[in-house]
Amino acid sequence: MRWNFAYLILVICLEARCAIAAFDQDTSWDYILYVQHWPITVCMQWMEKSANNNCTIPVNYQWTVHGSWPTKIGTDGPQYCNSTWNFNRTVIEPIESELEQYWTNIEANTELESFWEHEWKKHGTCAVNLKTLNNEFNYFNEAITWAKYYSIGDILAMHEIHPDGSAYSIQQIHDAIKSTLGVNPVIECVVHGKPKMSLLSEIRLCFNKSLSLIDCDIDKMHYLFLDEYLYDLEDGQILTDCSLKRPIMYFGEIPHFKRNIRDEELEEQQKYLSQMGQLYQFLQFLIWLTL
Ligand SMILES: *[C@@H]1O[C@H](CO)[C@@H](O)[C@H](O)[C@H]1NC(C)=O
Ligand SMILES: *[C@@H]1O[C@H](CO)[C@@H](O)[C@H](O)[C@H]1NC(C)=O
Ligand SMILES: *[C@@H]1O[C@H](CO)[C@@H](O)[C@H](O)[C@H]1NC(C)=O
Ligand SMILES: *[C@@H]1O[C@H](CO)[C@@H](O)[C@H](O)[C@H]1NC(C)=O
């Protein structure tokens, strides 16, 4: 009887330890997924969510940072590595104007720092176990340095890929990055509107722990094992979630043409109906006259 009791206590203790261990997540990681996005596409997505949403577009219409995400091979994350390390706006004050330019909070009707705070809690607190990114300032400052150095807009423009509402192929976009930086990027699209369009959304670059650019590759991306995320085109592997069935649109401004076409249609319809109404009244009048 006494033995059983002791055994029970032991089991409870072991269980408790398991529970504690489960909360104590593995915060190690292998590489950084550095994500830049195209503000116009982000804005179109944001405005679609609610009629109250509006956007801040950086003055010179450049690609901006979404985030710097420490990642373990074969998984997403780690994420939210230190819940007690709060975001402190004072720390980034010296670089805040640069952050506004290069790490813009596109969602204008939210608190300016809410985007940075989110990225810090979710990803920044995991990056700090690397010496070169060991605090909030270093984490944000490195992302800005990269944004200046690896300017996606400039790289695409060098290869005649301009945000003018033209459509481009996934191969063109991949080749532009690959031939300039020498590494495989990940290219992300969002599907938007009716009829459905594929909009160029994000270019992701991979950095190793010496903060050198490296190839993003299939072995590193767990979600890329899905067929739709990987294309083997003539010139090797392309990592993307963009649909091959649709051209990839790269808009320089929020396209309004859909609404205009609809408005014109409505106007035409109304004109037609009112003409028909007048005709109907005239016929009624004739009938009344002749009876
Ligand atoms: C977005 O909307 C808010 C609330 O209506 C307004 O205060 C703000 O100036 C707008 N921002 C932009 C960039 O249009
Ligand atoms: C978490 O953040 C706190 C507050 O900055 C710090 O004192 C602590 O060392 C951090 N813990 C880990 C595991 O990094
Ligand atoms: C935020 O950072 C500033 C500057 O480093 C520091 O003086 C202040 O104590 C910090 N605030 C908090 C709440 O940690
Ligand atoms: C990172 O990549 C660079 C260039 O390929 C290489 O020289 C360096 O050793 C790598 N660092 C790590 C930690 O893998």
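Residues numbered from 1 in each chain as written. Chains lettered and ligands numbered in written order. Predicted model: local features only at pLDDT ≥ 70, side-chain atom pairs only at ≥ 80, totals over all residues. Heavy atoms only, no water.

## What about the pairing of strand β2 (residues 64-71)?
In terms of burial, β2 is a largely internal element, 8 of the 8 residues being buried. Across 7 bridges, the pairing between strand β1 (residues 31-37) and β2 is antiparallel. Opposite Val35, over in β2, you have Gly67 as the bridge partner. (Buried < 20%, exposed > 50% of the residue type's maximum accessible area, 1.4 Å probe, protein only. Helix = DSSP H or I, 4+ residues; strand = E, 2+ residues; numbered from the N terminus. Pairing = 2+ DSSP bridges.)

## Regarding the pattern of salt bridges
Scanning the entire structure with this criterion turns up 8 salt bridges. Between Arg89 and Glu96 there is a salt bridge; the shortest N-O distance is 2.7 Å. Among the residues examined, Arg89 registers a relative accessible area of 32% and is labelled partly exposed. The partner of Glu113 in a salt bridge is Arg89, and the shortest N-O contact between them spans 2.9 Å. Residue Glu113 is found in the loop between α3 (96-102) and α4 (114-127), and its partner Arg89 is found in the loop between β2 and α3; the two are separated by 24 residues along the sequence. Relative accessible area serves as the criterion here: at 19%, Glu113 is assigned to the buried category. By sharing partners, the salt bridges in this structure join Arg89, Glu96 and Glu113 into a single network. (Salt bridge = Lys/Arg side-chain N within 4 Å of Asp/Glu carboxyl O.)

## Quick notes on helix α7 (residues 170-181)
Along its 12 residues, α7 runs 17 Å from first to last C-alpha, staying within 8% of the 16 Å computed at 1.5 Å per residue. Regarding α7, the residues found buried are Ile170, Gln171, Ile173, His174, Ala176 and Ile177. Positioned one or two residues after α7, Gly182 has a phi angle of 80°, which is positive. (Expected span 1.5 Å × (residues − 1).)

## As for the environment of Phe87
Mapped onto the elements, Phe87 comes out in the loop between β2 and α3. Considered as a pair, Phe87 and Glu119 are 32 residues apart in the sequence and their alpha carbons are 9.5 Å apart. Excluding its chain neighbours within four sequence positions, the residues that come into contact with Phe87 are Ile92, Glu113, Trp116, Glu117, Trp120, Glu136 and Phe140. (Contact = heavy atoms within 4.5 Å.)

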